[in-house]
Amino acid sequence: MPGTIKTVTEQIYQEIRNEILTQSLRAGEKITIKMLHDRYGVSSSPIREALVRLQQDGLIEYKPNVGMRVVQLTVNDLKELFPLMAELDAISLRFAASSDRADRLVEELTEIQQQTEAAFYDEANWDRLSDEFHLKFYEIAGNSRLSSAAKRFRTQFTIFTNIYQKDEKNRRSILAEHQAVLDALKEGNIAEAEVRMRNHGYSAERMAMEAFNEQAREQQGESCPNNSTQG
């Protein structure tokens, strides 16, 4: 029985998590145990466990007299998250490339880059592979505290990246910036690779800001359909 509960909890957690990250569940949308009970037909125990994990991930928030809702991220969240992730990614790159596993790092990044290029028009796989390029540094670095710090912030970060990576122009820029990092690593120039990784992070912040503002304008237009002359 415990194993069954754990499996159901994981399923509920992963499904809701994916819906929030892809915005099938929109920011601010209410989530209730009854709604999830009707949807999954299970007891409240695994549902509560899944919701606790989602709250720990920063994907849902609980407010007294309001209940649970999908987190509403702001421009300030974006401005805090992207420079932070740029620094964590750069540090993890340095740790990984300075280790005795540097050759493995280059080999596996090269394979990921090739797969990402091949999946250019496959949005779901492209998002996964683009993220994997970054996660490979943490894996090779083998620093559990660094990985834990990145994991703590990366989930909310992914909400923003999923917005701007839908744009083909942005995906091409990301591919080019990943290749620039990889080229520096192939040359054995760790310092330059680290600089390029930071620049990639700041470029991502600009893309995220543009996409976030565009999405906000579209949502405002949806809520005010008769206000078409504003702007």
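Residues numbered from 1 in each chain as written. Predicted model: local features only at pLDDT ≥ 70, side-chain atom pairs only at ≥ 80, totals over all residues. Heavy atoms only, no water.

## Some points on the overall build of the chain
As a reminder, the rule being used: In this text, helices come from DSSP runs of H or I with a minimum length of four residues, and strands from runs of E with a minimum of two, each type numbered from the N-terminal end. Accessible area is worked out with a 1.4 Å probe on protein chains only. A residue is then buried under 20% of its type maximum, exposed over 50%, and partly exposed in between.
Regarding its fold elements, the chain presents 9 helices and 3 strands. Traced from its N-terminal end to its C-terminal end, the chain shows the element sequence α-β-α-α-β-β-α-α-α-α-α-α. Principal axes of the C-alpha set define a box for the chain whose edges measure 60 × 55 × 30 Å. The proportion of buried residues among the 231 residues of the chain is 42%.

## Some points on the packing of aromatic side chains
Two descriptors summarise a pair of aromatic rings, namely the distance from one centre to the other and the angle between the planes of the rings. The condition is simple: Only Phe, Tyr and Trp rings are paired, with Trp represented by its six-membered ring, and only when their centres lie within 6.5 Å; those with planes under 30 degrees apart are stacked, over 60 edge-to-face, the remainder tilted. Think of it as a cone above the ring: NZ of Lys or CZ of Arg counts as a charge over the ring if it is within 6 Å of the ring centre and within 35 degrees of the ring normal.
Following the criterion strictly, the structure yields 6 aromatic pairs and no others. For the pair F82 and Y164, a centre-to-centre distance of 6.4 Å together with 50° between the ring planes defines the contact as tilted. Of the two residues, F82 is situated in helix α4 (residues 75-97) and Y164 in helix α7 (residues 144-164); the sequence distance between them amounts to 82 residues. One exposure class covers both F82 and Y164, and it is buried. Taken together, the aromatic side chains of F82, F157, F160, Y164 and F212 make up a single cluster linked through ring pairs. The ring of F120 has R171 lying over it, and the distance from NZ or CZ to the ring centre is 4.7 Å.

## Let's talk about the sheet that holds strand β1 (residues 30-31)
Counted only if it meets this: Here, strands pair whenever DSSP counts at least two bridges between them.
In spatial order, the strands read β1-β3-β2; together these 3 strands make up an open sheet with antiparallel pairing. Edge positions in the open sheet fall to β1 and β2 (60-63), since each of these has one partner strand only. Where β2 lies against strand β3 (residues 67-70), 4 bridges are found, and the strand directions are antiparallel. Paired with K63 across the two strands is G67, which belongs to β3.

## Regarding the pattern of salt bridges
The condition is simple: We define a salt bridge as a side-chain nitrogen of Lys or Arg found within 4 Å of a carboxyl oxygen belonging to Asp or Glu.
A complete count under the given rule lists 19 salt bridges for this structure. Note that E10 and R53 form a salt bridge whose closest N and O atoms lie 2.7 Å from each other. Of this pair, E10 sits in helix α1 (residues 2-21) while R53 is found in helix α3 (residues 44-56), placing the two residues 43 residues apart along the sequence. Salt-bridge contacts for E123 lead to K166; the nearest nitrogen and oxygen are separated by 3.3 Å. Taken as a pair, E123 in helix α6 (residues 123-141) and K166 in the loop between α7 and α8 (168-186) lie far apart in primary sequence, 43 residues in all. What makes K166 partly exposed here is its relative accessible area of 44%. What you see here is one network of salt bridges that share partners, running through E87, R94, E194 and R198.

## What about unusual backbone geometry?
One non-glycine residue, Q23, lies in the positive phi region at around 65°. Assignment of secondary structure puts Q23 in the loop between α1 and β1. Despite not being glycine, N65 shows a phi value in the positive range, around 65°. Looking at where N65 falls in the secondary structure, it is placed in the loop between β2 and β3.

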